[in-house]
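# Reading the structure
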Amino acid sequence: MAAGEKGQQIDLGSLSTQQLSQVKKQLDDEVQHLSTSYQNLRAAQQKFRDCVASIQQGVAESVRDKPLLVPLTSSLYVPGKLSDSQHVLVDVGTGFYVEKTTDDAKGFYTGKVEELGTNIKELENIVNGKANNLRVVEEVLRQKVLAGGPQGQGGQGVGGAGAR
């Protein structure tokens, strides 16, 4: 485990089937959430790639006086003309825009693509680890159910010190 990760190892064989089911549900939820985050990061990375492509193709001297559509929102475009092919407005987040040269803007968006690529690789490793843990829990749970789960019904708490 990495130094920053907080985790504990549990002997899955000592858990009841109910506890294993709870662990399985928690891991299912975590894998689902992390997978959604993974997809969102991929989508954001693609948007930044599209920004680089837009700068390379759409802000060229050949487009200078030709009519084009300017996005005001994701679904509203207005007609316009490119007045300066050397400078663009870059959305730096939370509604703030900064004027940059086209080269600086490409560098900014390329850096974002690379940063997200690193985050995606890290998240991919975490998702794979959680998915492996989920498979192990499912296997132990399956074995307990097939074996009749002798600890599954009687051991309600951790430590198994229940009064009968």
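Definitions and cut-offs
Residues numbered from 1 in each chain as written. Predicted model: local features only at pLDDT ≥ 70, side-chain atom pairs only at ≥ 80, totals over all residues. Heavy atoms only, no water. Phe/Tyr/Trp six-rings, centres within 6.5 Å; stacked < 30°, edge-to-face > 60°. Buried < 20%, exposed > 50% of the residue type's maximum accessible area, 1.4 Å probe, protein only. Helix = DSSP H or I, 4+ residues; strand = E, 2+ residues; numbered from the N terminus. Pairing = 2+ DSSP bridges. Salt bridge = Lys/Arg side-chain N within 4 Å of Asp/Glu carboxyl O. 1 Å grid on protein atoms, 1.4 Å probe; cavity = no way out; pocket = protein on both sides within 12 Å on 5 of 7 lines; lining within 4 Å. Points joined across faces, edges and corners; volume = space filled by probe spheres on them. Nonpolar A, V, L, I, M, F, W, Y, C, P; charged D, E, K, R; others polar. Expected span 1.5 Å × (residues − 1). pLDDT = per-residue confidence, 0-100. Contact = heavy atoms within 4.5 Å.

To continue, consider the packing of aromatic side chains. Two descriptors summarise a pair of aromatic rings, namely the distance from one centre to the other and the angle between the planes of the rings. The final tally for this structure, using the stated rule, is two aromatic pairs. Consider the rings of Phe 108 and Tyr 109, whose centres lie 5.3 Å apart with planes at 70°: the pair is edge-to-face. Exposure remark for Tyr 109: the relative accessible area of 7% places this residue in the buried category.

A word on the pairing of strand 4 (residues 96–101). In terms of burial, strand 4 is a largely surface element, zero of the six residues being buried. Counting the residues in the hairpin turn of strand 3 (residues 87–93) and strand 4 gives two residues, including Thr 94, whose phi is positive at 45°.

Taken as a whole and assessed by the stated rule, the structure comprises six salt bridges. With a closest N to O distance of 2.6 Å, Lys 130 and Glu 30 form a salt bridge. With a gap of 100 residues between them, Lys 130 in helix 2 (residues 102–146) and Glu 30 in helix 1 (residues 17–58) connect regions that are remote in the sequence. Arg 142 is paired through a salt bridge with Glu 139; the nearest N and O atoms lie 2.4 Å apart. Taken together, the positions of Arg 142 and Glu 139, both in helix 2 and three residues apart, correspond to about one turn of that helix. Under the relative-accessibility criterion, Glu 139 is labelled partly exposed at 34%. Three or more residues are tied together by salt bridges with common partners; here these are Lys 24, Asp 28 and Glu 138.

Where empty space is left becomes clear once a probe the size of a water molecule has been rolled over the atoms. Here the largest pocket defines a volume of roughly 1200 Å³. Val 70, Pro 71, Val 88, Leu 89 and Tyr 97 are, among the 32 residues lining the largest pocket, the residues nearest its centre. Secondary structure elements with two or more residues in the lining of the largest pocket: helix 1, strand 1 (67–71), strand 2 (77–81), strand 3, strand 4 and helix 2. In terms of residue count, the dominant contributor to the lining of the largest pocket is helix 1 (seven residues). Class assignment for the residues of the lining of the largest pocket results in 18 nonpolar, eight polar and six charged.

Our focus in this paragraph is unusual backbone geometry. Backbone geometry places Thr 94, a non-glycine residue, at a positive phi of 45°. Looking at Thr 94, the relative accessible area reads 76%, which means it is exposed.

Here we come to helix 2. Each turn of an α-helix holds 3.6 residues, which means side chains three or four residues apart point in the same direction. Helix length check: helix 2 (45 residues) gives 64 Å between terminal C-alpha atoms against 66 Å at 1.5 Å per residue, within 8%. In the segment just after helix 2, Gly 148 is the residue with positive phi, at about 90°.

Relative to strand 2, strand 1 is paired through five bridges, and the arrangement is antiparallel. Paired with Pro 67 across the strands is Lys 81, a residue of strand 2. Following strand 1, the chain reverses through five residues before pairing antiparallel with strand 2.

With that settled, consider the environment of Gln 46. Counting through the fold element by element, Gln 46 comes out in helix 1. Accessibility expressed as a relative area gives 38% for Gln 46, which makes it partly exposed. Distance in space between the C-alpha atoms of Gln 46 and Leu 116 is 9.8 Å, their sequence separation being 70 residues.

This part covers the confidence of the model for the chain. When pLDDT is averaged along the chain, the result is 83, and 85% of the positions lie at 70 or above. Least confident of the elements in the chain is helix 3 (residues 150–154), whose mean pLDDT is 46; most confident is helix 2, at 94. Segment residues 151–164: pLDDT under 50, and 14 contacts once partners within four positions in sequence are set aside and those in other chains are kept.

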